[in-house]
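# Fold and geometry: a report
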Amino acid sequence: MVFFNGSSYRRFLLSGFPGLEDSYPVISILFCVLYLIALMGNITILVVIKVEQSLHTPMYLFLSMLAASDLGLCVATLPTLLKLFWFNVREIDFDACLIQMFFIHVFSLMESGILLTMAFDRYVAISNPLRYTTILTDTTIAKIGVGLLLRAVGVIFPGPFLIKRLMFCKANMLSHSYCLHPDIIKLSCSDHQINSIYGLIIILITFGVDSVLILLSYLKILITVLGIASREEQFKVLNTCVSHICAVLLVYVPMLGVSIIHRFGKHVPPVVHIIMGYIYLLVPPVLNPVVYCVKTQAIR
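Residues numbered from 1 in each chain as written. Predicted model: local features only at pLDDT ≥ 70, side-chain atom pairs only at ≥ 80, totals over all residues. Heavy atoms only, no water.

### With respect to the overall build of the protein
- Secondary structure summary: the protein contains 11 helices and 4 strands in total.
- The dimensions of the protein, computed from C-alpha atoms along their principal axes, are 70 × 40 × 35 Å.
- Expressed as a percentage of its 300 residues, the buried residues of the protein come to 47%.
- Sequence-distant contacts, at least 24 apart, represent 80% of the contacts inside the protein between residues at least 6 apart. (Helix = DSSP H or I, 4+ residues; strand = E, 2+ residues; numbered from the N terminus. Buried < 20%, exposed > 50% of the residue type's maximum accessible area, 1.4 Å probe, protein only. Contact = heavy atoms within 4.5 Å.)

Take a look at the structure:
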């Protein structure tokens, strides 16, 4: 059996939909439409927020960060996906795969952190509206954005180097048309327990902590709203949180599904891995702009 380590020349093979290779031109049209919706929707949000002075508030500045991270996810995955479905080019260099993996996970972590800050934004706006703009100043928001970027890069940075120390056999077929950390280490012939523990720790200290803090923020929001006497005012205040709640569900539900399937779904049919992978990849960038455009009158 031939072994490769991460420092040697190595190629992986990307997967599309096995058995449907003849339908790739049709499938590519679907993906092109989804990517076009994601790109145009998020670019529109960024342009509208930049041009419209009345939207230069904390809520919309955080929304622009979310749109930018969604665009990053699209740009990171679009080339390999289109090469596969347009030209049936399945090979990807080892280093190129690690670079793509790095950016996918960085932008995913950015999304999680931004959703947490948006939950904090809603809590401050509802519980302390008079000090809202003094607490979340432009400088504070910029520092939060830089901090989220540094957190994502710092947490994911060791990942590619940990993978490079692994040995790989002839098995080189990835489960998706893009590279993910759990998908790559699954192909290793050597002991990748350290990589698995690293991945689990990342999930717990980032997505796990973020989700708990988001829940706590909404618990505080609910307590504050219940203290409002008027039922009509309660509904009006909670309505400002609907878009954010939808965005949280759109990001965390597919992410949780992919993580569970990769770790515990060894006997799950491959098509389930493939579909969940594309849902995780495309649902947030495609639907986040739709949700915010539909629910936010200022953007409409």
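### Topic: the packing of helix α2 (residues 58–87) against helix α11 (residues 270–295)
- Close contact between α2 and α11 brings their axes to 10 Å; oriented N to C, the two are set at 140°. Of the possible angle classes, the one that applies to α2 and α11 is oblique. As for the relative orientation of α2 and α11, their crossing is left-handed in sense. Between α2 and α11, the residues in contact are Leu63, Leu66, Asp70, Leu73, Cys74, Thr77, Leu81 and Phe85 and Tyr278, Leu281, Pro284, Pro285, Asn288 and Tyr292, respectively.
- When its residues are assigned to classes, the contact of α2 with α11 shows 11 nonpolar, 2 polar and 1 charged. (Axes fitted to C-alpha atoms, helices over the stretch in contact; angles between N-to-C directions. Parallel < 35°, antiparallel > 145°, perpendicular 65-115°, else oblique. Left-handed = near helix turned anticlockwise from the far one by under 90°. Nonpolar A, V, L, I, M, F, W, Y, C, P; charged D, E, K, R; others polar.)

### Let's talk about the pattern of salt bridges
- If you walk through the whole model with that rule in mind, you get 6 salt bridges.
- Residue Arg11 is joined to Glu91 by a salt bridge in which the shortest nitrogen-to-oxygen separation is 3.5 Å. Here Arg11 is found in strand β2 (residues 11–13), whereas its partner Glu91 is found in strand β3 (residues 91–93), with 80 residues between them in sequence.
- For Arg11, a relative accessible area of 30% puts it in the partly exposed group.
- When the shortest N-O distance is used, the salt bridge between Asp121 and Arg122 registers 3.0 Å. Of the two residues examined, Asp121 and Arg122, each falls in the buried class.
- A cluster of three or more residues bridged by salt bridges with shared partners is formed by Arg11, Glu91 and Asp93. (Salt bridge = Lys/Arg side-chain N within 4 Å of Asp/Glu carboxyl O.)

### Describing the packing of aromatic side chains
- As enumerated under the stated definition, the model contains 14 aromatic pairs in all.
- Between Phe103 and Phe107, the aromatic rings sit 6.3 Å apart at their centres with planes inclined by 25°, giving stacked as the arrangement. Of this pair, Phe103 and Phe107 both sit in helix α3 (residues 94–127), 4 residues apart, roughly one helical turn.
- With relative accessibility at 38%, the residue Phe103 sits in the partly exposed group.
- Three or more aromatic residues joined by ring pairs make a cluster, and in this case those are Phe17, Tyr24, Phe31, Phe85, Tyr178 and Tyr278. (Phe/Tyr/Trp six-rings, centres within 6.5 Å; stacked < 30°, edge-to-face > 60°.)

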